[in-house]
Amino acid sequence: MRILLVEDEEKIASFIQRGLAEQRFTVDMAPDGEEGLYLAEINPYDLIILDLMLPKKDGISICRQLREQKNSTPILMLTARDAVKDKVSGLNAGADDYLTKPFSFSELLARVRALLRRERNEKVDQLRVGDLELNMLNQQVRRDNETITLTNKEYGLLEYLMLNANQIVTRTMISEHVWKEDFNSFTNVIDVHIRYLRNKIDKNKKKKLIHTVRGTGYILKEDN
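These numbers were taken from a predicted model, which means no experiment stands behind them.

### Digging into the sheet that holds strand 10 (residues 169–170)
The three strands are arranged 10-12-11 in an open sheet whose pairing can be described as antiparallel. Each edge of the open sheet is held by one strand with a lone partner, namely strand 10 and strand 11 (210–213). In this structure, strand 11 lies alongside strand 12 (residues 217–220), joined through four bridges in antiparallel fashion. Residue pairing in the sheet places valine 213 in a bridge with glycine 217 of strand 12. Together, strand 10 and strand 12 form the strand contacts of helix 6 (residues 152–163), whose direction differs from that of strand 12 by roughly 70°. Strand contacts of helix 8 (residues 189–201): strand 11 and strand 12, with the helix running at about 150° to strand 11, the strand carrying the most contacts.

Next comes the structure, spelled out in structure tokens:
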């Protein structure tokens, strides 16, 4: 899952980004409100973590503008303020939840997961292609009833392929969703991780699921 973090305090941003990456989330970061709004408008995110006090454009304005654009991505607002009126302002602008600094990462993570569960309440949490299953809530992967252990990047790559099952995904699409925005899609890093993933998903299986589309990218589907 892909999260946008809009936070101008470098230490806090790094702390949150590192913790979420360890939980297998892909995190894009913006240091000010203008860049945060721009990223939120051009990219699909599962969740936005938005600081209230930001340079160039404040969190309330960003939140209100996104909602006016019919952007329904869940927003978790962060702030050092704890006055009731500030919380009310954030929620009235369209935020889904509110967390006051300082906070523990465990509380942040719990709120992130709660918002994602709420957002996916009417969506499928269990992805399946053939005998391959991926649970997006507990991040467990199984094939033919055997649990498969993946690294964070392998999991993110597989999740993206399964969300787009039976569709070709290009290396550029993968780089934007699984790696950071500035990832060089012309390197062989994606191909290397695909090879690692194949060794865990398809090795010794009669039916292969991960297929190369020469010159374009990859597709995850049942082999006929």
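Let's pick the thread back up.
### Quick look at unusual backbone geometry
Omega for the bond connecting lysine 101 with proline 102 falls within 30 degrees of zero, at -5°, which places this linkage in the cis form. The backbone phi angle of lysine 70 is positive, close to 65°, even though this residue is not glycine. Among the secondary structure elements, lysine 70 is positioned in the loop between helix 3 (59–68) and strand 4 (75–79). Lysine 70 gets classed as exposed once you look at its relative accessible area, which sits at 72%. The phi dihedral of asparagine 166 falls on the positive side, at around 70°, and the residue is not glycine. One can find asparagine 166 in the loop between helix 6 and strand 10. Residue class for asparagine 166 comes out exposed when judged on its relative accessible area of 56%.

Cut-offs and rules
- Just so you know, the residues in each chain are numbered from 1, in the order the chain's sequence is written.
- This being a predicted model, a pLDDT of at least 70 is required before a residue's local features are given, and a value of 80 or more before pairs of side-chain atoms are given or counted; all residues contribute to the totals for chains, interfaces and linings.
- Computation of side-chain values: all heavy atoms of the structure, hydrogens and water removed.
- In this description, strands pair whenever DSSP reports at least two bridges between them.
- Where helices and strands are cited, they refer to DSSP runs of H or I of at least four residues and of E of at least two residues respectively, numbered from the N terminus.
- Two residues qualify as a contact provided that any one of their heavy atoms is within 4.5 Å of a heavy atom in the partner residue.
- In this analysis an axis means a line fitted to C-alpha atoms, helices contributing only their contacting stretch, and an angle means the value between N-to-C directions, from 0 to 180 degrees.
- For every residue, the accessible area (1.4 Å probe, protein chains only) is compared with the maximum for its type, and the residue is labelled buried under 20%, exposed over 50%, or partly exposed between those bounds.

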